[in-house]
Amino acid sequence: YINQQLYTSSSQEAAKLFRNDPEAFQVYHRGFAQQVGRWPENPVDRIVRYLRQRPASLVVADFGCGDCKIASSVRNKVHSFDLVPLSPLVTVCDMAKVPLAAESVDIAVFCLALMGTNLQEILEEANRVLKQGGTLMVAEVASRFEDIRAFMNAMAQLGFKSVSKVGSQVFL
Ligand code: SAH
């Protein structure tokens, strides 16, 4: 129920939800971990594998980082953003407005975190902090998309060129 709320409200409303009811966040994360644990593969592991193949000097921003699995698994500098701190590595903020300078990161990640009805604002924020030629990685459950082609077109309009798409359930 909370997951659905996050996908159907703006990121500002989501921030308010967790501010007003911090326990909801704990409940949500327990449910999230249980659900992902049943999948054949957790996309965050694939993202970690990818990052390990790239230079450790690349700076990463993890939007909606949850328990900071990425930051705790790679040598890169990782900025981890979430609404509530599940780990001391988290910078608490709404991912529509992160405390990073423009063009300061090489890789921006949304792992099962591309939620919120103000997706355009969120993706523009990722675009702002990414360096020219940087990489945006999105892992999302296919059923979350009403029309993948429309999504890819919208991404192109926001300035992102699709370089690789992996998997039938999860796209990178
Ligand atoms: N990326 C992690 C967690 C995914 S769960 C993983 O793959 O394990 C989705 C996460 O996005 C949750 O932790 C939720 O709190 C966060 N989130 C949702 N809306 C957000 C927002 N507006 N700003 C920051 N984080 C948000």
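Residues numbered from 1 in each chain as written. Predicted model: local features only at pLDDT ≥ 70, side-chain atom pairs only at ≥ 80, totals over all residues. Heavy atoms only, no water.

Observations concerning the side chain of aspartate 94
Right, so step 1: Here aspartate 94 lies in the loop between strand E3 (90-92) and strand E4 (105-111).
Right, so step 2: It turns out aspartate 94 is buried and unbridged, and the closest side chain with the opposite charge, arginine 19, is 8.1 Å from it.
Right, so step 3: Within the structure, the side chain of aspartate 94 is placed 2.9 Å from the side chain of serine 11, a separation counted as a polar contact.
Right, so step 4: If sequence neighbours within four positions are ignored, aspartate 94 has contacts with Ser11, Gln12 and Leu83. (Helix = DSSP H or I, 4+ residues; strand = E, 2+ residues; numbered from the N terminus. Buried < 20%, exposed > 50% of the residue type's maximum accessible area, 1.4 Å probe, protein only. Lys, Arg positive; Asp, Glu negative; His and termini not counted. Salt bridge = Lys/Arg side-chain N within 4 Å of Asp/Glu carboxyl O. Polar contact = N/O pair within 3.5 Å; in protein donor to acceptor, adjacent residues only side chain to side chain. Contact = heavy atoms within 4.5 Å.)

Considering the site of the ligand
Right, so step 1: If you check the shell around the ligand, you find 18 residues, and the closest are His29, Gly64, Asp82, Met95 and Cys111.
Right, so step 2: For the ligand, a nitrogen atom lies 3.0 Å from a polar atom in the side chain of aspartate 94.
Right, so step 3: Interatomic distance of 2.9 Å between a backbone N/O atom of cysteine 111 and a nitrogen atom of the ligand.
Right, so step 4: Contact with the protein chains covers 98% of the free accessible surface of the ligand, which is 570 Å².
Right, so step 5: Those elements that place two or more of their residues in the shell around the ligand are helix H2 (11-20) and helix H3 (22-37).
Right, so step 6: The greatest single-element share of the shell around the ligand, amounting to four residues, is contributed by H3.
Right, so step 7: Considered class by class, the residues forming the shell around the ligand number twelve nonpolar, four polar and two charged. (Near = heavy atom within 4 Å. Areas by Shrake-Rupley, 256 points an atom, 1.4 Å probe, with all protein chains shown as cover. Nonpolar A, V, L, I, M, F, W, Y, C, P; charged D, E, K, R; others polar.)

Read these as spatial facts, not as claims about activity.
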